[in-house]
Amino acid sequence: MQQIDDLLKKFPRVNLSILPTPLQYLPKLSEVLEHNIYIKRDDLTGFSFGGNKTRKLDFLMAEAIVRGYTAIIGIGANQSNFCRILANAAVRYNLKVHLILRGKKVSRPTGNLRIDHLLGANVHHVNTTDSQVALTAAQQLQQQLEASGERVFLLPPGGSVPIGALGYVAGWSEIYDDLQRLTHQVGVVMHASSSAGTQAGLVLGQAISGWNGHIIGVSVDEPKMRLIDNVKNLALAAAKLLNIEPALPPVEVEDGFIGPGYGIPTAECRAAVELFAKTEGIYLDYVYTGKAAAALIAYCRTGKIAAADSILFLHTGGYVQLFE
Ligand SMILES: Cc1ncc(COP(=O)(O)O)c(C=O)c1O
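Reading the values: rules and limits
Residues numbered from 1 in each chain as written. Predicted model: local features only at pLDDT ≥ 70, side-chain atom pairs only at ≥ 80, totals over all residues. Pairing = 2+ DSSP bridges. Helix = DSSP H or I, 4+ residues; strand = E, 2+ residues; numbered from the N terminus. Axes fitted to C-alpha atoms, helices over the stretch in contact; angles between N-to-C directions. Near = placed C-beta within 6 Å. Nonpolar A, V, L, I, M, F, W, Y, C, P; charged D, E, K, R; others polar. Buried ≥ 20, exposed ≤ 12 C-beta atoms within 10 Å, placed from the backbone. Parallel < 35°, antiparallel > 145°, perpendicular 65-115°, else oblique. Left-handed = near helix turned anticlockwise from the far one by under 90°. Contact = placed C-beta atoms within 7 Å. Core = buried A, V, L, I, M, F, W, Y, C linked by C-beta atoms within 7 Å. Domains from an automatic or database assignment.

Novice: I tried to follow the sheet that holds strand β6 (residues 152-154) on my own but got confused; where do I start?
Specialist: Sheet strands line up and pair through hydrogen bonds in the backbone, either parallel or antiparallel. With parallel pairing, the 4 strands of this open sheet are ordered in space as β5-β4-β3-β6. Of all strands in the sheet, those with a lone pairing partner are β5 (122-126) and β6, marking the two edges. The mean angle between the axes of side-by-side strands here comes to 20 degrees, regardless of whether they run parallel or antiparallel.

Below, the structure is given as structure tokens:
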């Protein structure tokens with residue numbers, strides 16, 4: 001969408017992501033769910049096994065280079081997709097990388113953690129589920145590194161700062177153009193949502209483009225009202241960077257598919273992962289996209305989405321976790 005692309009022109013950007021990603025019709029899944037279902041393949045953004053984080057890092061790494069940072073600190077769970085891609089991006093641009101991972105040190109790293117080790121990232125485990133404890137550990141490390149002369153870029157979980165959210169303003173521009181070309185009119189976009197950066201970028205893009213469908217973020221951890229606030233605040237902060245004051249559409253979050261907690265698969269999530277693999281040969285994960293797909297399936301089956309409304313599922317990546 002030209003208007004969005006023009007607004008983003010002044011921001012430096014590296015091109016980790018291979019863009020545009022494909023947008024595909026899913027014939028077998030559409031038949032099973034009796035709705036027309038499309039998928040935006042952001043699992044195929046390419047760099048470091050792909051996923052939504054490469055779009056954010058296209059802007060964040062450019063920012064790191066422009067500001068002359070020499071080291072980056074990322075925060076996440078042991079199986080963080082963001083930390084895996086961040087570590088790879090840091091190595092690519094010759095920055096030192098430290099990861100503060102919420103989880104126990106393991107003797108045989110698997111999945112994303114295995115890639116962190118392969119890349120030689122400095123991995124620090126804080127055995128806690130409390131994100132504040134992890135943030136404090138990251139801030140202490142930042143001070144130590146700065147005392148030894150490093151210029152340190154400390155990123156919050158998911159890289160969800162306003163500059164990072166611009167990645168999904170750009171992502172929406174691409175999706176908006178895709179939607180104009182489809183046979184069936186899409187009324188609903190669904191995706192996994194957690195640290196708010198992806199949804200904030202999409203919602204801001206939606207506001208700029210004036211699209212009047214629904215973007216539904218399926219929470220994998222946060223309660224609905226908190227995630228709505230986080231998305232709104234981040235979208236408004238990103239709008240400030242763009243020097244615009246758009247009227248945001250109502251932010252829509254579904255939090256009924258988290259189950260017992262972050263990273264704990266539910267029966268519906270397992271069934272969704274299996275259904276996508278067996279019908280379309282598309283791999284989801286048990287932490288993010290499996291739960292978002294579980295919501296999509298339930299919305300179709302219970303009539304929460306009318307049969308006349310076509311749906312776009314935004315695949316945000318994450319399947320490295322299947323090898324945990
Ligand atoms: C595979 C995957 N999907 C979705 C998300 C959620 O994106 P965000 O944190 O921008 O809300 C993440 C975040 O870690 C992820 O790794």
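Novice: What am I meant to see in the site of the ligand here?
Specialist: Around the ligand, 19 residues are found, and the nearest of them are Gly158, Ser195, Tyr288, Thr316 and Gly318. Looking at the shell around the ligand, the elements that each hand over two or more residues are α4 (81-92), β7 (186-193) and α8 (197-209). The element that contributes the greatest number of residues to the shell around the ligand is α8, accounting for 3 residues. Here the shell around the ligand is composed, by residue class, of 4 nonpolar, 15 polar and no charged.

Novice: Can you help me understand the pairing of strand β2 (residues 37-41) in this one?
Specialist: The buried count for β2 comes to 4 of 5 residues, which makes it a mostly enclosed element. In this structure, β2 lies alongside strand β10 (residues 310-315), joined through 5 bridges in parallel fashion. The residue of β10 that forms the bridge with Ile39 is Phe313.

Novice: Help me out: how do you make sense of the packing of α8 against helix α9 (residues 224-241) in this one?
Specialist: At their nearest, the axes of α8 and α9 sit 8 Å apart, and the two run at 60 degrees to each other. Here α8 lies oblique to α9, going by the angle between them. α8 and α9 meet at a crossing whose hand is right-handed. Here Gly197, Gln199, Ala200, Gly201, Val203 and Leu204 of α8 come into contact with α9, specifically with Val231, Leu234, Ala235, Ala238 and Ala239.

Novice: I keep staring at the nonpolar core and nothing clicks. Help me out?
Specialist: Taken as a class, soluble globular proteins show a tendency for nonpolar side chains to be buried jointly. In terms of nonpolar packing, the biggest core is built from 99 residues, with Ile72, Leu86, Met190 and Leu296 touching the most fellow members. Per-domain counts for this core show at least three residues from each of domain 1 (2-52 + 161-323) and domain 2 (69-150). In contact with Met190, other than residues within four places in its own chain, are Ile216, Val218, Ala292, Ala295, Leu296, Ile311 and Phe313.

Novice: For this particular structure, what's the right way to read the pairing of β5?
Specialist: Strand residues, when the strand is regular, have side chains that alternate between the two faces of the sheet. Looking at chain direction, strand β4 (residues 96-102) and β5 are connected through 5 bridges and run parallel. Its bridge partner lying in β5, His98 is registered against Asn122.

Novice: What is the right way to look at unusual backbone geometry in this model?
Specialist: Comment: phi is negative for the bulk of residues other than glycine, and the bulk of peptide bonds are trans. The omega torsion across Leu19 and Pro20 is -5 degrees, close enough to zero to call that bond cis. Structurally, Pro20 is set in the loop between α1 (2-8) and β1 (23-25). Unusually for a residue other than glycine, Glu34 sits at a positive phi of about 55 degrees. As for its placement among the helices and strands, Glu34 is situated in the loop between α2 (27-33) and β2. Among the residues examined, Glu34 registers 11 C-beta atoms within 10 Å and is labelled exposed. Of note in the backbone geometry, Phe49 takes a positive phi value of approximately 75 degrees without being a glycine. Within the fold, Phe49 resides in the loop between β2 and α3 (53-66).

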